[in-house]
Amino acid sequence: MRYVSTLIVVSDIKKSKEFYHDVLGIDVIADFGANVTLTGNISLQTLETWKNFINKDTSDIIIKNNACELYFEEDDMDKFIKKLDTLENIEYVHRLFEHRWGQRVVRFYDLDKHIIEVGENMVNVVKRFFKQGLSEDEIATRMDVPIDYIKSCLK
C-alpha cells in the first residue's frame, strides 16, 4: 500500500483551481470535472459528489473545523508574504509569526475554510541564523535539533 494524495471538498471547483494556482502556484495535473488532481498530491472534489460518495447530507459536512491543514514550505517567505498582502479576500488564521525554533509561518483559509500553512523552508531557517552570525552549536540549541542536522543544512 502507498499514500497517494490528500482530497479536500470544495464548493466551487473552478474558483478553487484558480485560488490554488494564483495563491500557491499549484497547477492542475488532471481535470475530471467533479474531481481535479493538482501538483503536490492534492485533489479537489466537489461538495455535491462528495456527499453522495459518503452518503451524507450537506449539513453533515463540517466547514472551517480548524482540525487539519495543508502544509507548504516556501524558500522566500518575504516575497510570499508580499504576494499575500496584494491579494484580496485572504482570511488569515494568523499572519506571519516566528515559532520558538525560528521557522516563520503564516496560516490562512482557502475558499472553503481549509487551513493552509506556508512555512519557511527549514534549511533556509538554518542558513538565515548562520548569516545572522550564530554558530552551528548556537543554531542547534536555538532550533532544538541535532548538530548533524545543522551541518547537513549548511553543506
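Here the structure is a predicted model, which means the values were calculated and not measured. (Residues numbered from 1 in each chain as written. Predicted model: local features only at pLDDT ≥ 70, side-chain atom pairs only at ≥ 80, totals over all residues. Heavy atoms only, no water.)

Q: Could you clarify how one ought to interpret the pattern of salt bridges in this entry?
A: One side chain can pair with another of opposite charge once the charged atoms of both are near each other. Summed over all chains, the structure comprises 13 salt bridges. Its salt-bridge partner being Glu91, residue Lys113 comes within 2.6 Å of it at the nearest N-O pair. Note that Lys113 is positioned in the loop between β7 (104–109) and β8 (115–120) and Glu91 in strand β6 (residues 91–98), a separation of 22 residues in sequence. What makes Lys113 partly exposed here is its relative accessible area of 26%. Arg128 is the salt-bridge partner of Glu98, the closest N and O atoms lying 3.7 Å from each other. Of this pair, Glu98 sits in strand β6 while Arg128 sits in helix α4 (residues 122–131), placing them 30 residues apart in sequence. Owing to a relative accessible area of 36%, Glu98 belongs among the partly exposed residues under this scheme. Each of the salt bridges in this network shares a partner with another, and the network as a whole consists of Asp78, Glu98, Arg104, Glu120, Arg128 and Arg142. (Salt bridge = Lys/Arg side-chain N within 4 Å of Asp/Glu carboxyl O. Helix = DSSP H or I, 4+ residues; strand = E, 2+ residues; numbered from the N terminus. Buried < 20%, exposed > 50% of the residue type's maximum accessible area, 1.4 Å probe, protein only.)

Q: Quick question: what am I supposed to make of the packing of α4 against helix α5 (residues 136–143) here?
A: When two helices pack together, their arrangement is given by the angle between the helix axes and the distance between those axes. It is the contact of α4 with α5, at a shortest axis distance of 10 Å, that shows an interaxial angle of 130 degrees. When the axes of α4 and α5 are compared, the pair comes out oblique. Relative to α5, α4 is oriented so that their crossing is right-handed. Two secondary-structure elements touch here, α4 through Met122, Val125, Val126, Phe129 and Phe130 and α5 through Ile139, Arg142 and Met143. Grouping the amino acids of the contact of α4 with α5 by side-chain chemistry returns seven nonpolar, no polar and one charged. (Axes fitted to C-alpha atoms, helices over the stretch in contact; angles between N-to-C directions. Parallel < 35°, antiparallel > 145°, perpendicular 65-115°, else oblique. Left-handed = near helix turned anticlockwise from the far one by under 90°. Contact = heavy atoms within 4.5 Å. Nonpolar A, V, L, I, M, F, W, Y, C, P; charged D, E, K, R; others polar.)

Q: Just checking my understanding: could you explain the nonpolar core for this structure?
A: As a rule of thumb, nonpolar side chains are buried together in soluble globular proteins. Grouped together as the largest cluster of nonpolar side chains are 24 residues, with contacts concentrated most on Tyr20, Leu24, Leu84, Val106, Phe108 and Val118. Looking at this core, the elements that each hand over two or more residues are β1 (6–10), α1 (13–24), β3 (35–38), β4 (42–46), β5 (69–74), α3 (77–86), β7 and β8. It is α1 that contributes the most residues to this core, five residues altogether. (Core = buried A, V, L, I, M, F, W, Y, C linked by side-chain atoms within 4.5 Å.)

Q: It is not clear to me how the sheet that holds β7 should be interpreted in this structure. Could you clarify?
A: Whether parallel or antiparallel, the strands of a sheet pair through hydrogen bonds between backbone atoms. Across the sheet, four strands lie side by side as β5-β8-β7-β6; this open sheet has mixed pairing. Each of the sheet's edge strands pairs with one partner strand only, and the pair in question is β5 and β6. Adjacent strand axes in the sheet meet at a mean angle of 15 degrees, parallel and antiparallel pairs treated alike. Summarising the sheet, β7 and β8 pair through five bridges and their orientation is antiparallel. (Pairing = 2+ DSSP bridges.)

Q: Whenever I open this one, α1 confuses me. Can you help?
A: An α-helix turns once per 3.6 residues; consequently, residues spaced three or four apart project the same way. With 12 residues, α1 should cover 16 Å at 1.5 Å per step; its first-to-last C-alpha distance of 16 Å lies within 8% of that length. Regarding α1, the residues found buried are Ile13, Ser16, Phe19, Tyr20, Val23 and Leu24. The buried residues of α1 occupy one face: seen down the axis, they fall within an arc of 115 degrees. Structurally, the start of α1 carries an N-cap: the backbone nitrogen of Lys14 is 3.1 Å from a side-chain oxygen of Asp12. Backbone geometry just after α1 places Gly25 at a positive phi near 70 degrees. (Expected span 1.5 Å × (residues − 1). Arc of directions from axis to C-beta. Polar contact = N/O pair within 3.5 Å; in protein donor to acceptor, adjacent residues only side chain to side chain.)

By themselves, these are just geometric observations and shouldn't be taken as functional.
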